[in-house]
Amino acid sequence: MFMKNRPITAIRIGTLASLADGGQVTVDGGRAGFYGTWFQDNTYLEGSFGGGYNHYTTSRVALGGTADGSTDGFELDGMLGGGHDFKRQFEAICFLRIDRE
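Treat the numbers as computed from the prediction; the structure is a model and nothing was measured. (Residues numbered from 1 in each chain as written. Predicted model: local features only at pLDDT ≥ 70, side-chain atom pairs only at ≥ 80, totals over all residues. Heavy atoms only, no water.)

Some remarks on the pairing of strand β2 (residues 8-18)
Heads up, the rule is: Residue burial is assigned from relative accessible area. The probe radius is 1.4 Å, only protein chains are included, and a residue is buried under 20% of its type maximum, exposed over 50%, and partly exposed in between. To qualify as a helix, a DSSP run of H or I must reach at least 4 residues; to qualify as a strand, a run of E must reach at least 2; elements of each kind are numbered from the N terminus. By this definition, two strands are paired if DSSP reports at least two bridges between them.
Burial within β2 is sparse, with just 0 of its 11 residues counted as buried. Sheet analysis places β2 next to strand β3 (residues 24-40), joined by 11 bridges and oriented antiparallel. Bridge pairing in β3 links Thr15 to Val27. Hairpin remark: β2 followed by β3, antiparallel, with 5 residues in the connecting loop; positive phi at Asp21, about 60°.

Next up, the structure:
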């Protein structure tokens, strides 16, 4: 049996949190990725790769006025794994995962 699977994922996020005295925290961002699977003769290999971007903005009451700030964040992740199914009695699996923020 031979099977391939290559879906693509994507998401956009937005969050607003209200703080005391009119302050707020805003997070906007998104991420995308893909993964794939190959399977043949009870052996399989699968992997994924993705990345994202987030923008953070803050505003709060501070001594003598308002404190404002903003920053950006990037993230990358990947996973590679594989295994073999020995007639459903047990299965050997090996994975490598890397995350970077």
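There's plenty left to go through after this.
So, the side chain of Asn54
The following threshold applies: Whenever two N or O atoms come within 3.5 Å, that pair is a polar contact, provided that in protein one can donate a hydrogen and the other can accept it, and provided that, for residues adjacent in sequence, both atoms are side-chain atoms. Any pair of residues with heavy atoms lying within 4.5 Å of one another is described as a contacting pair.
Within the secondary structure, Asn54 is located in strand β4 (residues 43-62). For Asn54, the side chain forms a polar contact with the side chain of Glu75, separated by 3.5 Å. Asn54 has contacts with Ile13, Asp28, Gly29, Gly30, Thr71, Asp72, Gly73 and Glu75, leaving out every residue within four places of it along the chain.

With respect to unusual backbone geometry
If you check the backbone angles, Asp41 has positive phi at about 50° while not being a glycine. Following the sequence through the fold, Asp41 ends up in the loop between β3 and β4. You will see that Asn42, though not glycine, has its phi angle at about 65°, which is positive. One can find Asn42 in the loop between β3 and β4.

Some remarks on the pattern of salt bridges
Selection criterion: What counts as a salt bridge is simple: a side-chain nitrogen of Lys or Arg found within 4 Å of a carboxyl oxygen of Asp or Glu.
The final tally for this structure, using the stated rule, is 3 salt bridges. For Arg31, the salt bridge goes to Asp77, with nearest N and O atoms at 2.5 Å. Highlighted residues: Arg31 in strand β3 and Asp77 in strand β5 (residues 65-86), separated in sequence by 46 residues. One salt-bridge network, held together by shared partners, links Arg31, Glu75 and Asp77.

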